[in-house]
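Spelled out, the chains give:
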Amino acid sequence: MRVTMTINGEQVEGSTAFDVINPATGEVCGTAPTASAHQVRQAIDAARAAQPAWAALGHTRRCELLLQVADLIEAESGRLAALITTEQGKPLSGPGSLFEMEAAAGFTRVPATLPMEPEVVFADETRRDELHYAPLGVVAAIAPWNWPVMIAIWQIMPALRMGNTVVLKPSELTPLATLELVRLIDSVLPDGVLNAISGDGQVGAELTADPGIDKIMFTGSVETGRKVAGAAADSLARLTLELGGNDAAIVLGDVDASAVAENLFWGAMINMGQTCACAKRLYVHSDVHDAVVEALATLADAVPMGDGLDEANVLGPIQNKAQFDKVSGLVDDARAHGATIVRGGAAPEGPGYFYPVTIVTDISDGVGLVDVEQFGPVIPIVRFDDLDDAIARANSSSVGLGASVWTNDADIAREVAQRLEAGTVWVNSHGTVHPMVPFGGSKHSGFGVEFGVEGLKGVAQPRIISYAGLDA
Ligand code: NAD
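Residues numbered from 1 in each chain as written. Predicted model: local features only at pLDDT ≥ 70, side-chain atom pairs only at ≥ 80, totals over all residues. Heavy atoms only, no water.

**Q** When you look at the overall build of the protein chain in this model, what are you seeing that I'm missing?
**A** Of regular secondary structure, the protein chain possesses 15 helices and 22 strands. Taken over the C-alpha trace, the protein chain has a radius of gyration of 23 Å; the compact-globule value for 472 residues is 23 Å, and the two agree within 12%. Buried positions account for 57% of the 472 residues belonging to the protein chain. Across the protein chain, contacts joining residues at least 24 apart in sequence account for 72% of those joining residues at least 6 apart. Surface accessibility of the protein chain: about 17900 Å² in total, with carbon and sulfur atoms responsible for 53%. Looking at the protein chain, you have 30 positive and 59 negative side-chain charges, and the mean spots of the two groups are 5 Å apart. (Helix = DSSP H or I, 4+ residues; strand = E, 2+ residues; numbered from the N terminus. Rg over C-alpha atoms; globule rule 2.2 N^0.38 Å. Buried < 20%, exposed > 50% of the residue type's maximum accessible area, 1.4 Å probe, protein only. Contact = heavy atoms within 4.5 Å. Areas by Shrake-Rupley, 256 points an atom, 1.4 Å probe, with all protein chains shown as cover. Lys, Arg positive; Asp, Glu negative; His and termini not counted. Charge placed at Lys NZ, Arg CZ, Asp CG, Glu CD.)

Structure follows, in structure tokens:
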């Protein structure tokens, strides 16, 4: 598969091209363009030129067009899902690429149906003040490799809805489905409204440093997020940063292990654990520790893993070699620190970046596998007796994307949730994002929120119109 970039309604090649690897085989599965600095500028100029007319269409017409885009995404979902599986690794089945495409349609439809009326924030006999949300201008969207299409949609659709135009750069590890999707969407939207360029971090750096960018929606690692924030310092571009996490799940002693195990398992394992808001460290009360470990191990034994194009599989490979090395290195290091590897812990022979579901016990904070975002199919389980201590450990991280508490006691759930330092705290689930519910990180997990009305406001310029002496 050879894909092209979309700049001002045209399909274009880059100055050079790069290979994309299928992580299930380790073989090349496609080729994508590298945008030249000139093409980055062309894409920004095209977005800039298209923006006033797009804004002038108004909410109603823009929403109609975005609903057409949602229909198109649905119609093309089978083909695009196969492409995602081929370049990203997540299987077609289960919470995999077909699920990702379904979510992409949903996360397009919802922002196109949310009301955005001006709010009257103050009124008396002398004045009336209205809060409006105007377009910002040109939005740069930079996406990661874990949910390539869905996260690009999270960034693009609210921005377009609010009257901005967009230049998108997918990850160089997973550009195929996203560039193909933008090519399709471009048939519905006016030229220049949505542009997509590809390439590595250098292209991302050129895009984010450009003074023609008004807002950057960045999703990726904390390390790159810092660079993006630095790049925005000169232009004072607005920022939404969705960065890494090391989400803690605290499982209290009153749960029925067999009842919570499946949601806990998928809360940690969705997309092979390569999800920003996966449960990445479990703190499990001693009373239920062994039963929870046993139940998770039973699930691990039963889940079929393999090439995701085979619909019998529900877990696939790790997406890339660097990530594979990081995950296996963290497990080896935990083993060297005396942890028990209950399941998994060694890669199978054969092609691809497969790594088994790995459950690790007899481990605690201070070991890399607990302290670092592993971003892979590994669940470190820390035993605890004292809830205050578990909360303190959960909060001891520099990141705070999500967290969860698992219990049958609503009062304790509420109390623990209020004490956890995270952008979202789930009770009895983990990572269950929804297009109506704002989502974003605390601490080094970033700032700003996506989704819902708050997400729309995040890609808009608040504008007060203050009336005096007019019966407006
Ligand atoms: P990454 O930071 O390596 O890359 C993300 C994107 O940034 C890629 O498109 C890359 O090409 C680009 N990039 C690299 N250097 C750049 C630079 N100097 N300037 C501008 N862009 C640059 O992240 P990744 O490895 O692709 O993604 C995994 C990380 O993303 C994990 O930490 C994960 O937790 C995080 N993530 C967060 C969320 C969230 O919503 N908070 C969602 C998904 C993933």
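On we go.
**Q** How should the packing of helix α5 (residues 148-161) against helix α6 (residues 176-185) be read in this particular structure?
**A** Describing two packed helices takes the angle between their axes plus the distance from one axis to the other. Close contact between α5 and α6 brings their axes to 9 Å; oriented N to C, the two are set at 45°. Considering their axes alone, α5 and α6 lie oblique with respect to each other. α6 is crossed by α5, and the crossing has right-handed handedness. When α5 is examined against α6, the residues P148, V149, A152, I153 and M157 are found in contact with a partner set consisting of A177, T178, L181 and I185. Among the residues making up the contact of α5 with α6, the classes are represented as 8 nonpolar, 1 polar and no charged. (Axes fitted to C-alpha atoms, helices over the stretch in contact; angles between N-to-C directions. Parallel < 35°, antiparallel > 145°, perpendicular 65-115°, else oblique. Left-handed = near helix turned anticlockwise from the far one by under 90°. Nonpolar A, V, L, I, M, F, W, Y, C, P; charged D, E, K, R; others polar.)

**Q** Would you take a moment to explain the sheet that holds strand β5 (residues 119-123) for this structure?
**A** Remark on secondary structure: sheet strands pair via backbone hydrogen bonds, oriented parallel or antiparallel. Here we have 3 strands laid out as an open sheet, ordered β5-β6-β22, and antiparallel in their pairing. Both outer strands of the open sheet, β5 and β22 (460-467), are each paired with one neighbouring strand and no more. On average, each strand axis in the sheet is inclined to that of its neighbour by 25°, with strand direction left out of account. The sheet contact formed by β5 and strand β6 (residues 128-135) spans 4 bridges and is antiparallel. Residue pairing in the sheet places E119 in a bridge with L131 of β6. (Pairing = 2+ DSSP bridges.)

**Q** Just to check I follow, could you spell out the site of the ligand for this structure?
**A** Near the ligand you find 31 residues, and of these A143, E172, S221, T224 and E373 are the closest. With respect to the ligand, the side chain of E172 contributes an N or O atom lying 2.7 Å from an oxygen atom. A distance of 3.5 Å is found between a nitrogen atom of the ligand and a side-chain nitrogen or oxygen belonging to E242. Notes on the ligand: free accessible area 850 Å², of which the protein chains cover 89%. Going through the elements one at a time, α7 (201-209), β10 (215-219) and α8 (222-235) are the ones with two or more residues in the shell around the ligand. The element best represented in the shell around the ligand is α7, accounting for 4 residues. Across the shell around the ligand, the residue classes tally to 14 nonpolar, 11 polar and 6 charged. (Near = heavy atom within 4 Å. Polar contact = N/O pair within 3.5 Å; in protein donor to acceptor, adjacent residues only side chain to side chain.)

**Q** Looking at this structure, how should I read the packing of aromatic side chains?
**A** Within a pair of aromatic rings, the relevant descriptors are the distance that separates the centres and the angle that separates the planes. Within the structure shown, the criterion is met by 9 aromatic pairs. A centroid spacing of 6.0 Å and a plane angle of 70° characterise the contact between F99 and W147, whose relative ring orientation is edge-to-face. Of this pair, F99 sits in helix α4 (residues 97-109) while W147 sits in the loop between β7 (138-142) and α5, placing them 48 residues apart in sequence. Since its relative accessible area comes to 3%, W147 is described here as buried. Plain terms: the ring middles of F324 and Y355 are 6.0 Å apart, the flat faces sit at 80° to each other, and that makes the pair edge-to-face. Pair noted here: F324 is in helix α11 (residues 321-336) and Y355 is in the loop between β14 (340-343) and β15 (358-361), with a separation of 31 residues, a long-range link. The residues F324 and Y355 share a single accessibility class, namely buried. Within the aromatic cluster, the residues linked to one another by ring pairs are F107, W154, F439 and F451. The ring of W147 has K90 lying over it, and the distance from NZ or CZ to the ring centre is 4.1 Å. (Phe/Tyr/Trp six-rings, centres within 6.5 Å; stacked < 30°, edge-to-face > 60°. Lys NZ or Arg CZ within 6 Å of the ring centre and 35° of its normal.)

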